[in-house]
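If you want the building blocks of each chain, they are given just below.
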There are 2 protein chains.
Amino acid sequence: MSVPDYSSVWEQLAQPGGKIVLLVLDGAGGLPFPGVNKSALEAARTPNLDALAASASCGMLEMVGPGITPGSGPGHLALFGYEPLSHQLGRGVLSALGVGFGLQEGDVAARINFATRDRAGRITDRRAGRIPNEVNERLCRSIREQVKLEFEGEYFLFTESQHRAVLILRGPGLGGNIGDTDPQKTGVPPLQAQPTAPDSEKSAAVVRQFVEKAHGALAGETPANTLLLRGFERYKAFPTLAQRFKLNGLCIAQYPMYRGVSRLLGMDVAEPPPLKVQGTMECLVDRIDDGHDFFFVHIKGTDSAGEDGDFDAKVATIEEVDKYLPLVSNLNAEVFAVAADHSTPAVMQGHSWHPVPALIRSRFARVDEVRRFSEDACVHGSLGLRPATHLMGLLLAHAGRLKKFGA
Amino acid sequence: MSVPDYSSVWEQLAQPGGKIVLLVLDGAGGLPFPGVNKSALEAARTPNLDALAASASCGMLEMVGPGITPGSGPGHLALFGYEPLSHQLGRGVLSALGVGFGLQEGDVAARINFATRDRAGRITDRRAGRIPNEVNERLCRSIREQVKLEFEGEYFLFTESQHRAVLILRGPGLGGNIGDTDPQKTGVPPLQAQPTAPDSEKSAAVVRQFVEKAHGALAGETPANTLLLRGFERYKAFPTLAQRFKLNGLCIAQYPMYRGVSRLLGMDVAEPPPLKVQGTMECLVDRIDDGHDFFFVHIKGTDSAGEDGDFDAKVATIEEVDKYLPLVSNLNAEVFAVAADHSTPAVMQGHSWHPVPALIRSRFARVDEVRRFSEDACVHGSLGLRPATHLMGLLLAHAGRLKKFGA
């Protein structure tokens, strides 16, 4: 049984209109913290966010589906109106986006672990002792210099962090159906790259060539003397925000991952990456009249603090956002919205499935009784509890960017 | 474009985790009763349920869809995460499950009415004066003894109650596409069993043979001297809870119907059937550490009272559940949830489409302001109003049994 996808209707109805600012507090949703008995949003002193909520429509967003904990990609895709269950990003593509690489249609990306093997060729450490970033960067540089592949195309290799790197193959006729070479255990040699479908025989051969030559470049290295590949994926471009919703987007985000996802959807990305909350807000002030009409403003600290289990740091980040909010909350935009891409309760030290609060301020918002941007308050808001993919339609409508449906 | 079924995502993400107890108060939802102006849940004094609600996430479940009144099967299938619109149980299969028969893939089941016909062969009473169960049992025994069918297989015949029985054919190559022999009116003879598709010619012939020989066994009986068959269905096994969600389920239910549905989903079924509310709760206490990780605990009295239009009995059953709740509410389980499979308002003396309250208590539940397990209270809960099929995903998530989606 199928439910109609509203976003295809928005595509048909999209028209030019007012500017939209979407402020995303990454992982801002949470759970009551032991001893405090409030979530970070509930505990934080946020007079400016409160005033915004009091002048807005509020509600709760369920990001991917009931009980489903989103990774970093799916939560944002949902906020941008891309159903995350039908727009899936593999690990390889996410890694490439995460290092800010400009993927092109048909590129094949995979994750790399630098690893350690013994003289018999058996893996002894799948993470090479979690080598420092600097070592990883030196190794990648060394491989890039020494390894020349014989195929009609080129390869790209970038450090992610510690033992992790990303490989991208670009060239005609490359498939992404290649099995992992990471056997997921020690005491055995790495696997040979093998195609899992006929379209990928050529690319599997290129990968085997790469691994063999990389071993040469890593000869004598300790502990990172081999590499394991996984998550091969052929990149297929998504339709852009401009194509779908007639939005000319600008991403204002410090971290590569979010900048990468934004590029994937055809947004421009503010350079240089803004620093911290203040820099992010100031960047929005600088750019608000630069011709874009959709501004995705991303704050990472809320999620990082949640992942670290640091409730106080999460509260502090929210209060820092509140402090700088007046810089941006009355800029020249038709719609100012605040949401999160998922919950990251400090008590869970990780992402969770719990719905997140959201608010939409606009001349045309039906202002409700909610006076706080928090889980316990927004559950009573006029937007109700709804799938996060609904947000984009509401943003477009409040900005006057959706025509009437039917006559 | 269609939105994927969330339950298929839960299947992909399912992993081992904590134990889940799901207490189902059958038909507990209701409407205000005249003179009382409260529903049974609203009127009952339930200090223990209230305390549970106060420590839980609460909300409302719509069982099958807006305005759709569930039968006994669909309401439970929805609670177990089986979309009831795409997992339909025919009457024949439900009857077989209801008498506790262990259906096997490929069995063909049908409902039987004992009926009365006159000397010309015309039906005069489609229910044979609603004969007592004891008569029905004697007739079934007599048929089983006298009727030997000539086909590569066997048949089973069981009393349901009054004039109703159930026939199961088991053997190779039997189809379930057979028209009813019940003409749904009196003054005409029973219809001949006819195939409605070529795959069922053989089984239709077996049915005709059965009816002819059964007439012999019923010769001289008054008033039950013929039988009418309807709801033929070939049983196709559903994927089990273990296959879908890695749940090793135990059903603790007194009534055959619910035990049958549980078997259908691969759950073990507690023997002997527990008696009444106290026995049901005590059975859970006995079994909680027996290696199962999903406990379906079923209370029938709420529904029976509603069907009888006996508001006071419904209130009394709810208060009885509340009395015994402390036996089980703090057992060794990660998740303790309470819900209903549908509403059975006493004022309607039957099932209804109205959403039912639900609560989820767990370390990871976002506790809301709801302080009562009732329709008027739970409508304000943090789970919102949502399809009942969402419940299973939420139970799995709260028990730590779903991995993260995407990276």
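As the structure is a prediction and not an experimental result, all values here were calculated from the model.

Novice: Explain the overall build of chain A residue by residue, including any values.
Specialist: Tallying secondary structure elements over chain A gives 14 helices and 13 strands in all. Rg of the C-alpha trace for chain A: 23 Å, near the compact-globule value of 22 Å for 407 residues, within the 12% margin. The buried share of chain A, taken over its 407 residues, is 59%. Partitioning the contacts of chain A with sequence separation of at least 6, the portion at a separation of at least 24 is 74%.

Novice: Tell me about the sheet that holds strand 2 (residues 57–62) of chain A, and name the residues and values.
Specialist: Residue and element names in this part refer to chain A. Taken together, the eight strands give an open sheet; going across it, the order is 9-8-10-1-11-12-2-13, and neighbouring strands pair in mixed fashion. The open sheet has two edge strands with one neighbour each: strand 9 (268–269) and strand 13 (384–387). For strand 2 and strand 12 (residues 356–362), the ladder comprises five bridges, and the chain directions are antiparallel. The partner of Cys58 across the bridge, within strand 12, is Leu359.

Novice: Which residues make up the side chain of Thr116 of chain B, and what values go with them?
Specialist: Note that Thr116 of chain B resides in strand 3 (residues 108–117). Within the structure, Thr116 of chain B has its side chain in polar contact with the backbone oxygen of Pro223 of chain B (distance 2.8 Å).

Novice: Got a sec to walk through helix 7 (residues 201–218) of chain B? Specific residues and values, please.
Specialist: Residue and element names in this part refer to chain B. With 18 residues, helix 7 extends 26 Å from end C-alpha to end C-alpha; this agrees with the ideal 26 Å at 1.5 Å per step. All of the buried residues along helix 7 are Ser203, Ala204, Val206, Val207, Gln209, Phe210, Val211, Ala214, His215, Ala217 and Leu218. On its buried face, helix 7 sits against strand 3, helix 6 (133–146), strand 5 (154–161), strand 6 (164–170) and strand 7 (226–234). Downstream of helix 7 by a residue or two, Gly220 has a phi angle that is positive, lying close to 90°.

Novice: Describe the interface of chain B and chain A, naming the residues involved and giving the relevant values.
Specialist: Contact residues are listed per partner, giving 29 residues for chain B and 39 residues for chain A. In total, chain B and chain A occlude about 2800 Å² of area from one another, counting both sides; carbon and sulfur atoms represent 66% of this. Inspection of the region where chain B meets chain A yields one salt bridge. Note that Glu62 of chain A and Arg386 of chain B form a salt bridge whose closest N and O atoms lie 2.9 Å from each other. Counting across the chain B and chain A interface gives nine residue pairs in polar contact (both at pLDDT 80 or more). Secondary structure elements with two or more residues in the side of chain B that touches chain A: helix 1 (6–13), strand 13 (384–387) and helix 14 (390–398) of chain B. It is helix 14 of chain B that provides the largest number of residues to the side of chain B that touches chain A, a total of five residues. Among the residues forming the side of chain B that touches chain A, the class breakdown is 16 nonpolar, nine polar and four charged.

Novice: If you had to explain the nonpolar core to someone new, which residues and values would you point to?
Specialist: Within the largest apolar cluster, 201 residues are counted, with the highest numbers of intra-cluster contacts made by Leu22, Leu23 and Phe294 of chain A together with Leu22, Leu23 and Phe294 of chain B. Excluding residues within four positions of it along the chain, Leu23 of chain A makes contact with Met281, Val297, Ile299, Val321, Leu325, Phe336, Ala337, Val338 and Ala339 of chain A.

Novice: Go over the packing of aromatic side chains with me, naming the residues and quoting the values.
Specialist: All names here are of chain B. For the coordinates displayed, the defined rule picks out 16 aromatic pairs over all chains. Taking 6.1 Å as the distance between ring centres and 80° as the angle between the ring planes, the aromatic pair formed by Phe80 and Phe294 counts as edge-to-face. In this pair, Phe80 is assigned in the loop between helix 4 (72–79) and helix 5 (91–98) and Phe294 in strand 10 (residues 294–299), connecting sequence segments 214 residues apart. In this structure, Phe80 and Phe294 share a single accessibility class: buried. Ring plane angle 50° and centroid distance 4.9 Å describe the contact between Phe101 and Phe156, whose orientation is recorded as tilted. Note that Phe101 is positioned in the loop between helix 5 and strand 3 and Phe156 in strand 5, a separation of 55 residues in sequence.

Novice: Could you give me a rundown of the sheet that holds strand 10 of chain B, with the residues and numbers involved?
Specialist: All names here are of chain B. On the basis of which strands lie adjacent, the open sheet formed by eight strands has the order 9-8-10-1-11-12-2-13 and mixed pairing. Only two strands of the sheet have a single partner each, and these edge strands are strand 9 (268–269) and strand 13. Bridge count between strand 8 (residues 249–252) and strand 9: two bridges; the pairing is parallel. If you follow Leu250 over to strand 9, its bridge partner there is Asp268.

Novice: Just give me the short version of the pattern of salt bridges, but keep the residues and values in it.
Specialist: Enumeration over the complete set of coordinates arrives at 33 salt bridges over all chains. Here Glu150 of chain A ties to Lys213 of chain A by a salt bridge, and the two come within 3.8 Å at their closest N and O atoms. In this pair, Glu150 of chain A is assigned in the loop between helix 6 (133–146) and strand 5 (154–161) and Lys213 of chain A in helix 7 (residues 201–218), connecting sequence segments 63 residues apart. The class for Glu150 of chain A is exposed, based on a relative accessible area of 68%. Two residues, Lys300 of chain B and Asp303 of chain B, come together in a salt bridge whose shortest N-O distance is 3.0 Å. Comparing Lys300 of chain B with Asp303 of chain B shows no difference in burial state: the two are buried. Sharing partners across several salt bridges, the network here consists of Arg126, Asp182 and Arg230 of chain A.

Novice: A description of the relation of the copies chain B and chain A should follow, citing residues and the corresponding values.
Specialist: Once turned by 123° and shifted 0.2 Å along the axis, chain B lies on chain A with an RMSD of 0.3 Å. On the angle and the small slide along the axis, the relation comes out as a three-fold axis.

Novice: Please set out the packing of helix 6 of chain A against helix 7 of chain A residue by residue, giving values where relevant.
Specialist: All names here are of chain A. Packing of helix 6 against helix 7 brings their axes to within 9 Å, and their N-to-C directions diverge by 115°. Where helix 6 crosses over helix 7, the handedness of that crossing is right-handed. Contacts between helix 6 and helix 7 pair Leu139, Ser142, Ile143 and Gln146 from the former with Phe210, Ala214, Ala217 and Leu218 from the latter. Of the residues in the contact of helix 6 with helix 7, the class split is six nonpolar, two polar and no charged.

Novice: Could you give an account of a nonpolar patch on the surface, with specific residues and numbers?
Specialist: Residues and elements named next belong to chain B. Residues Val347, Met348 and Trp353 make up a contiguous nonpolar surface patch of about 250 Å² in total accessible area. Tracing the backbone shows Val347 in the loop between strand 11 (335–339) and strand 12 (356–362). The exposure class assigned to Val347 is partly exposed, which follows from its relative accessible area of 40%.

Novice: Tell me what's going on with the side chain of Ser203 of chain B, and back it up with residues and numbers.
Specialist: Residue and element names in this part refer to chain B. Turning to its location among the elements, Ser203 is positioned in helix 7. Looking at Ser203, the relative accessible area reads 0%, which means it is buried. Leave out the neighbours within four places in its chain, and Ser203 touches Leu169, Leu174, Gly175 and Ile178.

Novice: I'd love a proper account of the state of the cysteines, names of residues and values included.
Specialist: Residues and elements named next belong to chain A. Counted under the stated rule, the structure contains zero disulfides over all chains. The thiol sulfur of Cys283 is not disulfide-bonded, and the nearest other cysteine sulfur, from Cys251, lies at 9.1 Å. A relative accessible area of 13% places Cys283 in the buried class. Free cysteine Cys378: the closest other cysteine sulfur is in Cys58, separated by 4.3 Å. Using a relative accessible area of 0% as the deciding quantity, one classes Cys378 as buried.

Novice: Requested: an account of a negative patch on the surface, with residues and values cited.
Specialist: A grouping of Glu307, Asp308, Asp310 and Asp312 of chain A is seen on the molecular surface, where their side chains present a negatively charged patch. Within the secondary structure, Asp308 of chain A sits in the loop between helix 11 (301–307) and helix 12 (311–328).

Novice: For helix 9 (residues 256–264) of chain B, give the residues involved together with the corresponding values.
Specialist: Residues and elements named next belong to chain B. The buried count for helix 9 comes to seven of nine residues, which makes it a mostly enclosed element. Of the residues making up helix 9, those classed as buried are Met257, Tyr258, Arg259, Gly260, Val261, Ser262 and Leu264. Those residues of helix 9 that are buried are in contact with helix 4, helix 5, strand 8, strand 9 and strand 10. Positive phi appears at Gly266, one or two residues downstream of helix 9, with a value of about 80°.

Reading the values: rules and limits
Residues numbered from 1 in each chain as written. Chains lettered and ligands numbered in written order. Predicted model: local features only at pLDDT ≥ 70, side-chain atom pairs only at ≥ 80, totals over all residues. Heavy atoms only, no water. Helix = DSSP H or I, 4+ residues; strand = E, 2+ residues; numbered from the N terminus. Rg over C-alpha atoms; globule rule 2.2 N^0.38 Å. Buried < 20%, exposed > 50% of the residue type's maximum accessible area, 1.4 Å probe, protein only. Contact = heavy atoms within 4.5 Å. Pairing = 2+ DSSP bridges. Polar contact = N/O pair within 3.5 Å; in protein donor to acceptor, adjacent residues only side chain to side chain. Expected span 1.5 Å × (residues − 1). Buried area = accessible area lost by both parts, 1.4 Å probe. Salt bridge = Lys/Arg side-chain N within 4 Å of Asp/Glu carboxyl O. Nonpolar A, V, L, I, M, F, W, Y, C, P; charged D, E, K, R; others polar. Core = buried A, V, L, I, M, F, W, Y, C linked by side-chain atoms within 4.5 Å. Phe/Tyr/Trp six-rings, centres within 6.5 Å; stacked < 30°, edge-to-face > 60°. Least-squares fit on C-alpha atoms with pLDDT ≥ 70 in both. Axes fitted to C-alpha atoms, helices over the stretch in contact; angles between N-to-C directions. Left-handed = near helix turned anticlockwise from the far one by under 90°. Patch = residues over 30% accessible without salt bridge, like charges linked within 9 Å, V, L, I, M, F, W, Y side chains within 5 Å. Areas by Shrake-Rupley, 256 points an atom, 1.4 Å probe, with all protein chains shown as cover. Disulfide = S-S within 2.5 Å. Lys, Arg positive; Asp, Glu negative; His and termini not counted. Charge placed at Lys NZ, Arg CZ, Asp CG, Glu CD.

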